[in-house]
Amino acid sequence: MNTEKIETLETSTTEDATLNKPVNLGFLLKFALPTIVSTLLQSTFGIIDGVFVSRIIDEYALSATSLVWPFLMFVLALGFMFGIGGNALVAKELGEGKLVRARQNFSMIVVVSFAVTAVLSLFGLLLPEVVLGILGVSPEVFDIALEYLTPLTWFLPSITLGVIFQQFLITEGKAHLGMIATIIGGSLNMALNWLLIYYFALGLHGAALATSIGYTVPAIFGLFYFIYNRKRVGGMIYFVMPKFRITALATSAVNGLSEMIAMMAGSITGAFMNNILMELEGPMAVAAGGIMFAGMGIITSIFFGYIWGIGPIISYNYGKGDSERLKKLFKISLATVSVMAVAAIGGSFAFTDLFISIYITEPQVYFDGVWFTLPIVEMAHSGLRIISLGYIFAAINAFGSALFTALNNGKISGLLAALRTFGFVMLSLAVLPLVFGVDGVWFAMPAAEVLAIFTTVFFVWWYRKVYNYA
């Protein structure tokens with residue numbers, strides 16, 4: 001009997017019980033909850049740095065972290081590409097009963113991801129001036145931006161592996177372990193920020209170390225888990241001798257193309273946006289943008305966590321050929337992310353001032369008998385409320401893209417993500433700031449989501465009978 005037949009006949013001792021449960025709202029929320037919490041906590045890593053930096057150092061240091069952050073997003077994009085894309089492939093293979101092949105592909109994805117990010121790390125360490133130049137760092141904040149960049153660069157491979165392991169823990173039915181690792185990493189990040197920035201006075205170098213170590217915790221946790229899982233009864237995914245399959249690697253990359261494009265586009269458009277803000281109002285506008293994007297990350301992480309959390313269930317049932325469950329998944333999830341997005345808009349408006357106060361302790365200054373609101377506060381306030389107008393469209397667009405990722409159609413998923421997060425955003429950024437100034441920069445995001453909704457609806461409708469999800 002050949003290897004392919006053995007792979008197809010082999011089944012899990014648990015019969016993939018977690019992924020194979022009846023689909024209903026309660027099950028989906030329970031299954032996705034750890035991923036929602038993990039995504040929410042991960043989005044706070046940059047916020048924690050920003051809060052400590054702005055309160056203990058100054059707003060110029062906050063501007064420097066905002067300028068460097070797109071570089072980290074670029075690397076995280078690779079992690080999400082291999083993590084979510086590879087996870088979609090592996091979950092589909094588990095649904096088909098090909099456990100040996102799934103484990104080999106998982107092991108291969110981990111090795112290749114580590115190698116690729118190690119090369120990027122080396123590039124960042126040898127040519128930091130090139131990296132900072134691409135990010136649009138101005139001479140006035142160049143030195144402190146370099147201070148923040150260098151420690152992050154050392155940790156790029158472990159940061160990427162942490163993202164990948166968390167995605168595969170979802171398919172393993174152990175998303176709660178990824179959540180625990182994220183909680184530990186976030187708590188350590190917060191403690192180290194205080195210790196390194198305040199107590200040891202390491203400045204932005206300390207902030208970067210704290211963030212890097214916080215991101216590394218899930219990598220260490222996942223590494224030990226997937227080594228141990230080989231000996232655990234019922235474990236589906238674990239390390240084996242990787243078998244390099246160019247087709248499997250390409251499929252994983254294409255599957256995760258949308259997530260990579262979304263984050264990489266965020267990195268590129270973020271750098272472009274920072275350049276526009278720098279020209280319009282200088283470093284304070286960039287700092288305000290950092291506050292705005294941090295708030296957006298917290299709010300949107302709720303429905304993004306749900307979308308990523310249920311992806312393996314879609315992939316598994318697609319591989320199994322269960323169209324009835326796919327239809328239930330589609331109907332329930334579309335309604336769920338829509339409700340979450342509406343709640344996100346309300347939460348954004350309700351907590352705008354509270355969120356800004358985390359960064360800026362004194363939003364007003366007294367001068368010549370009159371209280372003036374600081375420009376950074378005014379810009380952040382407008383930005384947080386303007387950008388929230390696009391959340392409902394963002395949720396539906398993200399769900400549509402993630403749906404095709406889970407169905408292993410990375411081409412359509414990537415196209416939707418490219419239009420939504422890059423094409424339409426860059427178009428909006430090229431036009432709206434000319435008319436509305438800084439507010440035009442904030443309006444660019446919801447405008448792009450509105451333009452993208454038409455392509456999302458078209459492709460979801462067009463492929464509904466191909467995949468039988470509606």
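Here, the structure is the one placed above.
Below or above, wherever it landed, is the structure these notes cover. (Residues numbered from 1 in each chain as written. Predicted model: local features only at pLDDT ≥ 70, side-chain atom pairs only at ≥ 80, totals over all residues. Heavy atoms only, no water.)

1. Quick word on the pattern of salt bridges
A complete count under the given rule lists 5 salt bridges for this structure. Where Glu96 meets Lys92, a salt bridge forms, and the shortest distance between an N and an O atom there is 2.8 Å. When its relative accessible area of 25% is taken as the criterion, Glu96 is described as partly exposed. For Lys92, a relative accessible area of 19% translates into the label buried. Here Arg101 ties to Glu93 by a salt bridge, and the two come within 3.4 Å at their closest N and O atoms. (Salt bridge = Lys/Arg side-chain N within 4 Å of Asp/Glu carboxyl O. Buried < 20%, exposed > 50% of the residue type's maximum accessible area, 1.4 Å probe, protein only.)

2. A look at the environment of Ser388
By the element assignment, Ser388 lies in helix H16 (residues 375-388). Residues Ser388 and Phe349, spaced 39 residues apart in sequence, show a C-alpha to C-alpha distance of 7.9 Å. A distance of 2.7 Å separates the side chain of Ser388 from the backbone oxygen of Arg385, its partner in a polar contact. (Helix = DSSP H or I, 4+ residues; strand = E, 2+ residues; numbered from the N terminus. Polar contact = N/O pair within 3.5 Å; in protein donor to acceptor, adjacent residues only side chain to side chain.)

3. What about the packing of helix H7 (residues 142-154) against helix H10 (residues 203-228)?
Contact geometry for H7 and H10: axes closest at 8 Å, N-to-C directions at 25°. Between H7 and H10, the interaxial angle falls into the category roughly parallel. Once H7 is placed against H10, the crossing between them reads as right-handed. Where H7 abuts H10, its residues Ile144, Glu147, Tyr148, Pro151 and Leu152 lie against Gly203, Leu204, His205, Ala207, Ala208, Leu209, Thr211 and Ser212. Among the residues forming the contact of H7 with H10, the class breakdown is 8 nonpolar, 4 polar and 1 charged. (Axes fitted to C-alpha atoms, helices over the stretch in contact; angles between N-to-C directions. Parallel < 35°, antiparallel > 145°, perpendicular 65-115°, else oblique. Left-handed = near helix turned anticlockwise from the far one by under 90°. Contact = heavy atoms within 4.5 Å. Nonpolar A, V, L, I, M, F, W, Y, C, P; charged D, E, K, R; others polar.)

4. Concerning the packing of aromatic side chains
Counted under the stated rule, the structure contains 25 aromatic pairs. Each ring, one from Phe304 and one from Trp308, has its centre 5.7 Å from the other, and the planes form 40°; the classification is tilted. Taken as a pair, Phe304 and Trp308 lie in helix H13 (residues 283-320) at a separation of 4 residues, close to a single helical turn. Judged by its relative accessible area of 17%, Phe304 falls in the buried class. (Phe/Tyr/Trp six-rings, centres within 6.5 Å; stacked < 30°, edge-to-face > 60°.)

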